[in-house]
Structure formats: C-alpha cells, structure tokens
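# Architecture and fold: a report
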Amino acid sequence: MFEKELEQIRALYRQGIYSPEFYSKRISGEECLLDYGAFTEIPFMYKQEIRSTTAYERTTAGKDEVYGIFSSSGTTGDKTYYVYSKKDKKVHETFVKAFYSELGIRPDDLGGVFAPVDTGVMAHTMMWQYTTMGAGYVNCPEPSPENMIEIVQTLPVTVIATRPNVVCTIAANPAFVEAARKSSVKKMLMGGGFLSEGRRRLIEDIWGADCYNMFGMSEMFGPMAGECRQKDGQHYLDQYLMIEIIDPKTKRPVKEGDIGIAVYTTLWDKGFPLLRYWTDDLMAIDRSPCRCGSKYPRLRYKGRMADCLVLDGEYVFPEALENCLMKHGFFLDYEARQEQGGIRVLVEKDPAQEVPEQMMQEIKEIFHGEAAVTFAAPRQLGYPGHGPRFHVSMGVSDRMDRK
Ligand SMILES: [Zn+2]
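All values derive from a computational prediction rather than experimental measurement. (Residues numbered from 1 in each chain as written. Predicted model: local features only at pLDDT ≥ 70, side-chain atom pairs only at ≥ 80, totals over all residues. Heavy atoms only, no water.)

## A look at the domain arrangement of the protein chain
Structurally, the protein chain comprises domain 1 (1-305) and domain 2 (308-401). Between the C-alpha centres of domain 1 and domain 2 there is a distance of 26 Å. (Domains from an automatic or database assignment.)

See below:
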C-alpha cells in the first residue's frame, strides 16, 4: 500500500526537506519510511502544532524561492502563516490545468472571482486559476446579490468561482434570477464550502449554468481536487498528494472506500511540507475508474468533523438537512446544534414563507427523533462568507482531536 508514495517521500527525505526540527522530531531516520506500517507510526501533524511555530521554522525554501506567504483565515484561532514557494506555484498550475482543461476553461473565458474579502487565499488562487488557463478575470470582493448581478450584466463573464452559499443569495429575488439566467455565465466553480446535491441543483437552476465542485485548503495552496464533467467525486493528482483515510477513534486506516478523517502528505519539495497532516475533513477515496476516463482517483468529501453529528453511532452530515431544506424551497443558512436538551435546528427563511409539515417530519427523521426547529429572518446566522454548518456544543467523543 502507498509504495510509490513512500518511495517519493524517501527521496524527499534524502533531499532534506524534513530537516527542520518541526519534521525531524517525527522522523528519526529513513527506517520510519520503510513501508506503510512504519509510516503509520509517524505522529499526526495537528493544526495546533503548526500554530505554535513560525512559517520559517517549517521550510527549507530559501528566501529567493518564496513566491508569497499564505495565511489561514484565523476564524478558529490565531492566524497561521505558510511559506508558498515558486515550486508550489508550478504544482498549483499543474493541478489547475488538470481540472480546468477537462471542464473546457479557455483563454477566451472571462472568470468572475466572487470570494468574500475575508477569504484572501481563496480569492488569490481563484484569480491564479484563470490566469493559468490564459483566461481573464474580474474580482468581486463584496459579492452581495446586487454586486454579483451588476457584474454579470455589465461584463461577459462566462465562469464564476465562489463559495456555494454566496451565489445562492440571488434565489429570493426573481429579477436577479432572470438576469443571472440571461447572462453569459455557463460554468460555476465551487470551493471553500460544502456543496450538497440539493444546493448544486439550486445553483444550476437559478444561474442556468453547470456547477462543479472543487476541494482545497490553504495549507496546500487552494484547489487540490476537482470534479470532472461527470460530477461524481473529485479527482486529485496522486503523484503530488497522498491521502490516508483514518478512523477517528482507532487512529488506524479504515477499510478501502470507507469514510474517515483525511490525513494529507504532500509529495513534492513543498514550501511547507505536509507530513501526515490530520485535518477535520471527513471523506472516502474511490479508486474505481471514472466515466471520464481520468487516471486519477476521486475523493468524496462529506463535510468537516466539526460540522457533523454522531447520533446512535452514525454520522449525520449537513448534506442530509441541506438536501431536505433545499427540496422544500428553503435556500438560506441554517444551523443544527446538539445541546443538553437535544438537537436544536435554526433555519433562516423569508417571513412570508410557509413551513410544510412534510419538511418538519423529514427533519425529525434526519436527527433520529425529536429535533426542536425554529425559524429566523434572513442573514441572522453565521458570519460573512462562511457556509452553513452544524454547530456541536456538547459531548461527541470524536471531537477530542479537534484542535
Ligand atoms: Zn472523472
């Protein structure tokens, strides 16, 4: 298992990329990289450890090799900075070309970047993805419904990169929906938030465009996996990225194809190498052939551990609630919270909107019984630019690993 990847990691080890103490305290010698069994003894790298070091304590990139410095959003703690090297930029371009050639992004496209101002890394990598394909771009750092519609009415934007919930905000306004459908936008690239099938259908309907799901994180460099035209899982370039799927309880690899926590190891001389980086991402890896003919495996992202509930030993993902809400015409933000008294669900809606009994019934089933559902006016939940999520505020033991 992972033989090819381990060979690459051994070569990187010999090259010295793990020489900073941050890595060398994990790998005492090449024997740690002998086979996958030995590799699984290397301690996971947690976000908290990254936070307690500086960007330059985690890199062997010389000052002349630095392309820029990335930072995390800082929404769950102190901001963290990462060295992003010139080599990383080249690898990023390889990823982008693999994903966007397949989707037909071309030099005559004009790309819209509808990323809120607080998503600095995302906006940057979205601009770079267009320029990598030779396409032009226009940036909309405050993607309100009015601003988005003004841009697509004024400019021949053909493709939009954004967070899923951002482009849904036009749904409540029929005039905006009409303008979006009449616009030249043909493709939507989603990143930075979970995309359920229900939300995808909504986006495709209100924009009259094909919607593709991308997956990424700032610790990597933005987009690290992307859907092909089949819209059935996100391909990733496994010559650059090794993904282990680990059971959050046993800390051992799950059975092939099962859901678990993604643990990432990067396979090039990255500015900030990831070595068994334990994230909060729940996913499964699918190595079966895709109808598109791609040689790359697919990941199926289920959401973040922090955003899912464990009820009667089963994962309950936001997708279940979101698909139900979307089906019944509730397009705004929502949250589900597990508290002492049980599950509390808060859903934003237009004050005039009727609540179907069927939907209430389905919500109860999703949460294995009783769930107290209340409704709030639009834009009461969340913080700007961030997608809806499950808030868990008590006793799920798996959460001990969340730093
Ligand atoms: Zn495919």
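Text resumes after the structure shown.
## A few points about the sheet that holds strand S4 (residues 136-139)
On the basis of which strands lie adjacent, the open sheet formed by 11 strands has the order S4-S3-S5-S6-S7-S8-S9-S13-S12-S11-S10 and mixed pairing. The outermost strands of the open sheet, each flanked by one partner alone, are S4 and strand S10 (241-246). Pairing of strand S8 (residues 222-227) with strand S9 (residues 234-235), which is carried by 2 bridges, proceeds in the antiparallel orientation. What sits directly across from Gly226, in S9, is His235. Those strands touched by helix H5 (residues 86-102) are strand S6 (187-190), strand S7 (210-217), S8 and S9, and its axis lies near 20° from that of S8. (Pairing = 2+ DSSP bridges. Helix = DSSP H or I, 4+ residues; strand = E, 2+ residues; numbered from the N terminus. Contact = heavy atoms within 4.5 Å. Axes fitted to C-alpha atoms, helices over the stretch in contact; angles between N-to-C directions.)

## Some words on the pattern of salt bridges
Inspection of every chain in the model, using the stated rule, returns 24 salt bridges. Note that Lys89 and Glu93 form a salt bridge whose closest N and O atoms lie 2.8 Å from each other. With a gap of 4 residues between them, Lys89 and Glu93 both fall in helix H5, about one helical turn apart. Judged by relative accessible area, which is 23%, Glu93 ranks as partly exposed. In this structure, the salt-bridge partner of Asp286 is Arg298, at a minimum N-O distance of 3.6 Å. (Salt bridge = Lys/Arg side-chain N within 4 Å of Asp/Glu carboxyl O. Buried < 20%, exposed > 50% of the residue type's maximum accessible area, 1.4 Å probe, protein only.)

## A short note on the packing of helix H7 (residues 145-154) against helix H9 (residues 174-182)
Look at H7 against H9: their axes get within 9 Å of each other, and the N-to-C directions meet at 30°. Relative to H9, H7 is oriented roughly parallel. Considering how the two elements wind past one another, H7 and H9 form a crossing that is left-handed. Every residue of H9 that contacts H7 at Pro145, Glu146, Ile149 and Gln153 is listed here: Phe176, Ala179 and Ala180. (Parallel < 35°, antiparallel > 145°, perpendicular 65-115°, else oblique. Left-handed = near helix turned anticlockwise from the far one by under 90°.)

## Some details on the coordination of the zinc ion
For the zinc ion, the full set of protein donor atoms is Cys228 (SG), His235 (NE2), Cys290 (SG) and Cys292 (SG), at a range of 2.1 to 2.3 Å. Metal-centred angles of 105 to 112° between the 4 donor atoms at the zinc ion mark the site as tetrahedral. All donors of the zinc ion belong to a single chain; written as a sequence motif, their spacing is C-x6-H-x54-C-x1-C. What makes Cys292 partly exposed here is its relative accessible area of 26%. (Donors = N, O, S within 2.8 Å, 3.2 Å for Na, K, Ca; no water. Tetrahedral: all angles 85-135°; square planar, octahedral: opposite > 155°, others 65-115°.)

## Topic: H7
Buried within H7 we find Pro145, Met148, Ile149, Ile151 and Val152. The arc that holds every buried residue of H7, seen down its axis, measures 160°, which confines them to one face. Facing away from the buried side of H7, by more than 90 degrees, are the exposed residues Gln153 and Thr154. Looking at the buried side of H7, the elements it contacts are strand S3 (110-114), S4, strand S5 (159-162), helix H8 (164-168), H9 and helix H10 (197-207). (Arc of directions from axis to C-beta.)

## What about the packing of helix H11 (residues 318-327) against helix H12 (residues 357-366)?
Contact geometry for H11 and H12: axes closest at 10 Å, N-to-C directions at 175°. The pairing of H11 with H12 is recorded here as roughly antiparallel in orientation. Two secondary-structure elements touch here, H11 through Ala320, Leu321, Cys324, Leu325 and Lys327 and H12 through Met359, Glu362, Ile363 and Ile366. The residue inventory of the contact of H11 with H12, partitioned by class, reads 7 nonpolar, no polar and 2 charged. (Nonpolar A, V, L, I, M, F, W, Y, C, P; charged D, E, K, R; others polar.)

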